[in-house]
Amino acid sequence: MFHLQLPVLEKILRPMIVYLFLVGFLRLFGKRELAQLNPFDLVVLLSLSNTVQNAMIGDDNSVSGGLIGAFSLLAINWALTRVLFSAPKVNQALEGTKTVLVRQGKIDHEALKKESLTQEELLSVLHKQGFSDFDEVQRCELEPNGNFYIEGRKPSVQSVEHDALVKAVEKLTREVHQLRAEMGK
């Protein structure tokens, strides 16, 4: 149960090497893989973890081997996070840039194509954030980490004034009806 079948150094290096390659591959294949927009992407990510399992642990199924592998993954993640935090330019180069998908209610079809997103998938993301249509969105960005940033459009001054005027007219109408009802008694 605790007997290691592989040398400790190999147990440390295997997960670290696989981790670095996965980070690189996920960066190479784009933000969509991180966003998990549909069941196909989720299946790919789950299958990916199973696919690299043996590369990380080798033929060793011992508890000690698993603990060393887990420690190695956490250590490389911690180290890489610290390096990227202290070197913002390296972080930006590795992470990439955001992609603007919607500007002032208009879809950027080239950006959707670049990110392999359909209009329906993007609309589904907007629905989850409480928007019913693209016209309601001032800006929608797909961030390098796979998250969506969505900013709603602010109503125009005329629209706000119109709504205030309609409310005032409705209030006056109610008051007139109330006065008529009182006078009719």
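Structure's up top.
Residues numbered from 1 in each chain as written. Predicted model: local features only at pLDDT ≥ 70, side-chain atom pairs only at ≥ 80, totals over all residues. Heavy atoms only, no water.

### Side note on a nonpolar patch on the surface
Selection rule: By definition, no residue in a patch forms a salt bridge, and every one has over 30% relative accessible area; like charges are joined within 9 Å, nonpolar side chains (Val, Leu, Ile, Met, Phe, Trp, Tyr) within 5 Å. Exposure was quantified through the Shrake-Rupley algorithm and a 1.4 Å probe, taking into account, for residues, occlusion by the shown protein chains and nothing else. Think of a salt bridge as a Lys or Arg side-chain nitrogen and an Asp or Glu carboxyl oxygen that are within 4 Å of each other. Each helix corresponds to a stretch of at least 4 residues labelled H or I by DSSP, and each strand to a stretch of at least 2 residues labelled E; elements are numbered beginning at the N terminus.
Taken together, the side chains of Leu-9, Leu-13, Ile-17, Phe-21, Phe-25, Leu-28 and Phe-29 present a nonpolar region at the surface, about 780 Å² in accessible area. Relative to the helices and strands, Phe-29 resides in helix α1 (residues 8-29).

### What to know about the environment of Val-52
Filter applied, for reference: It only takes one pair of heavy atoms within 4.5 Å for two residues to be counted as in contact.
With respect to the helices and strands, the residue Val-52 is situated in helix α3 (residues 39-57). When the C-alpha atoms of Val-52 and Leu-94 are compared, they prove to be 22 Å apart, with 42 residues separating the residues in sequence. Contact partners of Val-52, with chain neighbours within four places excluded, come to Val-18 and Leu-22.

### Regarding the sheet that holds strand β2 (residues 106-107)
The line we're drawing: Think of it this way: DSSP has to see at least two bridges between two strands before they count as a pair. To obtain each axis, a line is fitted to C-alpha atoms, and for helices this fit is confined to the stretch in contact; angles are then taken between N-to-C directions over 0 to 180 degrees.
Ordered by their spatial adjacency, 4 strands build an open sheet running β2-β1-β3-β4, and the pairing between neighbours is antiparallel. The open sheet is flanked by β2 and β4 (148-152), the only strands paired with a single partner. Where strand β1 (residues 99-103) lies against strand β3 (residues 137-142), 4 bridges are found, and the strand directions are antiparallel. Within β3, the position partnered with Val-100 by the bridge is Glu-141. Those strands touched by helix α7 (residues 119-128) are β1, β2, β3 and β4, and its axis lies near 70 degrees from that of β4.

### Details of helix α4 (residues 63-86)
As a reminder of what qualifies: A helix is expected to span 1.5 Å multiplied by its residue count minus one. The cut-offs for exposure are 20% and 50% of the maximum accessible area for each residue type, with area from a 1.4 Å probe on protein chains only; residues under the lower value are buried, those over the upper are exposed, and the others partly exposed.
For α4, spanning 24 residues, the distance from its first C-alpha to its last is 35 Å, which sits close to the expected 34 Å at 1.5 Å a residue. Those residues of α4 that fall on the buried side of the exposure criterion are Ser-64, Gly-65, Ile-68, Gly-69, Ser-72, Ile-76 and Leu-84. Packed against the buried residues of α4 are α1 and α5 (88-95).

### A word on the packing of aromatic side chains
To keep things clear, this is the line we draw: The criterion for an aromatic pair is that two Phe, Tyr or Trp rings (for Trp, the six-membered ring) have centres within 6.5 Å, with stacked assigned to planes under 30 degrees apart, edge-to-face to planes over 60 apart and tilted to the rest.
Within this structure, the stated rule accounts for 1 aromatic pair. When the centroid spacing of 6.0 Å and the interplanar angle of 50 degrees are considered together, the rings of Phe-21 and Phe-25 count as tilted. Within this pair, Phe-21 and its partner Phe-25 are both found in helix α1, separated by 4 residues, close to a single helical turn.

### Some points on the packing of α1 against α4
Helix-helix packing: each pair is described by the crossing angle between the helix axes and the interaxial distance. Rules: Note that the term roughly parallel is reserved for angles under 35 degrees, roughly antiparallel for angles over 145, roughly perpendicular for angles of 65 to 115, and oblique for everything else. Left-handed is the label given to a crossing in which the near helix is rotated counterclockwise from the far helix by less than a right angle, and right-handed is the label when the rotation is clockwise.
Remark: α1 packs on α4, axes separated minimally by 8 Å, with the N-to-C direction vectors making an angle of 45 degrees. With respect to each other, α1 and α4 are oriented oblique. At the point where α1 passes α4, the crossing takes the right-handed sense. Here α1 contributes Val-8, Lys-11, Ile-12, Pro-15, Met-16, Tyr-19 and Leu-20 to the contact with α4, which in turn contributes Gly-65, Ile-68, Gly-69, Ser-72, Leu-73, Ala-75, Ile-76, Asn-77 and Leu-80.

### A short note on unusual backbone geometry
For Gln-104, which is not a glycine, the phi torsion comes out positive at approximately 45 degrees. Tracing the chain through its elements places Gln-104 in the loop between β1 and β2. Unlike most non-glycine residues, Ser-116 shows phi in positive territory, near 55 degrees. Examined against the element boundaries, Ser-116 turns out to sit in the loop between α6 (109-114) and α7.

### Some remarks on the nonpolar core
The criterion, for reference: Remark: nonpolar core denotes a set of buried residues (Ala, Val, Leu, Ile, Met, Phe, Trp, Tyr, Cys) joined through side-chain atoms within 4.5 Å.
By size, the foremost hydrophobic cluster in this structure holds 15 residues, and its most contacted members are Leu-101, Val-102, Leu-122, Leu-126, Val-137, Cys-140 and Ile-150. Looking at this core, the elements that each hand over two or more residues are β1, α6, α7 and β3. When sequence neighbours within four positions are dropped, the list of residues in contact with Leu-101 reads Lys-106, Ile-107, Asp-108, Ala-111, Leu-112, Leu-117, Leu-122, Cys-140, Glu-141, Leu-142 and Phe-148.

### Let's talk about the side chain of Glu-115
We apply this condition: Whenever two N or O atoms come within 3.5 Å, that pair is a polar contact, provided that in protein one can donate a hydrogen and the other can accept it, and provided that, for residues adjacent in sequence, both atoms are side-chain atoms.
Here Glu-115 is to be found in the loop between α6 and α7. A distance of 2.8 Å separates the side chain of Glu-115 from the side chain of Thr-99, its partner in a polar contact.

### Some thoughts on the pattern of salt bridges
Following the criterion strictly, the structure yields 5 salt bridges and no others. The partner of Arg-14 in a salt bridge is Glu-10, and the shortest N-O contact between them spans 2.8 Å. Placement of both Arg-14 and Glu-10 in helix α1 is noted, with a separation of 4 residues, approximately one turn of the helix. Of the residues examined, Arg-14 reaches a relative accessible area of 24% and is grouped as partly exposed. Residue Lys-114 pairs with Glu-115 through a salt bridge whose shortest N-O separation is 4.0 Å. Residue Glu-115 is classed as buried on the basis of its relative accessible area, which comes to 7%. Linked by salt bridges that have partners in common, Lys-98, Arg-139 and Glu-141 make up one network.

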